[in-house]
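# Observations on chain architecture
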Amino acid sequence: VRHLRALAPILGAHDRWSYLSTWNGQKVTVLAAADPSQSIARDIANLHALRPYGGLALLGTTLVLNQSGHLKSGMPRPALIVETAGIELSEVLHDLKQGHVPSVEVTQSHIDAIDQLQKQLNDDGVHFVGVSADHFRLTSDPSRPIIPVEMEVHSANGVEGADTSL
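Cut-offs used in this document
Residues numbered from 1 in each chain as written. Predicted model: local features only at pLDDT ≥ 70, side-chain atom pairs only at ≥ 80, totals over all residues. Heavy atoms only, no water. Helix = DSSP H or I, 4+ residues; strand = E, 2+ residues; numbered from the N terminus. Buried < 20%, exposed > 50% of the residue type's maximum accessible area, 1.4 Å probe, protein only. Contact = heavy atoms within 4.5 Å. Areas by Shrake-Rupley, 256 points an atom, 1.4 Å probe, with all protein chains shown as cover. Expected span 1.5 Å × (residues − 1). Arc of directions from axis to C-beta. Core = buried A, V, L, I, M, F, W, Y, C linked by side-chain atoms within 4.5 Å. Pairing = 2+ DSSP bridges. Phe/Tyr/Trp six-rings, centres within 6.5 Å; stacked < 30°, edge-to-face > 60°. 1 Å grid on protein atoms, 1.4 Å probe; cavity = no way out; pocket = protein on both sides within 12 Å on 5 of 7 lines; lining within 4 Å. Points joined across faces, edges and corners; volume = space filled by probe spheres on them. Nonpolar A, V, L, I, M, F, W, Y, C, P; charged D, E, K, R; others polar.

### With respect to the overall build of the protein
Helices and strands together make up the secondary structure of the protein, namely 3 helices and 11 strands. Sequence-ordered secondary structure for the protein, helices as α and strands as β, is β-β-β-α-β-β-β-α-α-β-β-β-β-β. Residues classed as buried in the protein amount to 42% of the 166 residues present. Counting contacts in the protein only where the partners sit at least 6 residues apart, residues at least 24 apart contribute 59% of the total. Of the accessible surface of the protein, which amounts to about 8,900 Å², a share of 53% is contributed by carbon and sulfur atoms.

So, in structure tokens, the structure goes:
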């Protein structure tokens, strides 16, 4: 279990806990609210807004109980089940800076994917808010080399992604 303050931009202003788990035979990440009274509707909307741009898939929702003592009071917390994919661009950059070989080789397909993503955002009249190297995951999958995470999608009229359904 690790406490994730970095997910605040995509998952609202509240702290979250993440768990690596298996769901229906698939490796997933479970993101749980630190406060059991917090709604996950905004979190769902943010994940849906990033999905057309290659964002992580929301696979379902669940409740997480205090099994490990890391969550306070033993009350169930609402949680999201999302796919686990790629590694953070910041990790790749850190590995390269330290002279290590990153687990994902950066190729022309990654650069082309960034260019295509920028074109898609421009065509849709939207932009990401809260962009940093931590907010992109890189994969070795040529069909999905870049995955945007932990950002909001904004248009000139405000935040996109009002859909809170699964």
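### Structural notes on helix 3 (residues 108-124)
Structurally, the α-helix is built with 3.6 residues per turn, so residues lying three or four positions apart point the same way. Taking 1.5 Å as the rise per residue, helix 3 with 17 residues should run 24 Å; its terminal C-alpha atoms sit 24 Å apart, in good agreement. The set of residues buried in helix 3 consists of H110, A113, L117 and L121. Seen from one end, helix 3 has its buried residues packed into an arc of 70°, which puts them on one side. Residues N122 and D123 are exposed on helix 3 and point more than 90 degrees away from its buried face. Taken together, the buried residues of helix 3 touch strand 7 (126-129), strand 8 (136-138) and strand 9 (146-148).

### Quick word on the environment of I87
Along the chain, I87 falls in strand 6 (residues 87-88). Excluding residues that lie within four positions of it along the chain, I87 makes contacts with V92, S103, V104, F136, R137 and L138.

### As for the nonpolar core
By size, the foremost hydrophobic cluster in this structure holds 16 residues, and its most contacted members are Y53, L117, L121, F128, F136 and V153. Put simply, the parts of the chain that give this core at least two residues each are helix 1 (41-50), helix 3, strand 7 and strand 8. Beyond its immediate chain neighbours, meaning those up to four positions away, L117 contacts Y53, F128 and F136.

### So, the pairing of strand 7
Successive side chains on a regular strand alternate, one facing one side of the sheet and the next facing the other. Residues V126 and F128 of strand 7 are buried on one face, while the alternating residues H127 and V129, pointing to the opposite face, are not. Note: strand 7 against strand 10 (residues 152-155), 4 bridges, orientation antiparallel. Bridging across to strand 10, H127 finds its partner in H154.

### Comments concerning the sheet that holds strand 8
One open sheet holds the 3 strands; their spatial order is 6-8-9, and the pairing between them is antiparallel. Bordering the open sheet on either side are strand 6 and strand 9, each of which pairs with just one other strand. Direction of pairing for strand 6 relative to strand 8: antiparallel, over a ladder of 2 bridges. Within strand 8, the position partnered with I87 by the bridge is L138.

### Here we look at the packing of aromatic side chains
Inspection of the entire model under this criterion finds 1 aromatic pair. Between Y53 and F128, the ring centres sit 6.0 Å apart and the planes meet at 90°, which makes this aromatic pair edge-to-face. In this pair, Y53 is assigned in the loop between helix 1 and strand 4 (58-64) and F128 in strand 7, connecting sequence segments 75 residues apart.

### Comments concerning the layout of surface pockets
The computed volume of the second largest pocket comes to approximately 160 Å³. Around the second largest pocket, the lining residues are Y53, G54, A113, Q116, L117, Q120, S143, R144, P145, I146 and P148. Counting only elements with at least two residues in the lining of the second largest pocket, the list comes to helix 3 and strand 9. Here the lining of the second largest pocket gets 4 residues from one element, more than from any other, and that element is helix 3. When grouped by side-chain class, the residues that make up the lining of the second largest pocket number 6 nonpolar, 4 polar and 1 charged.

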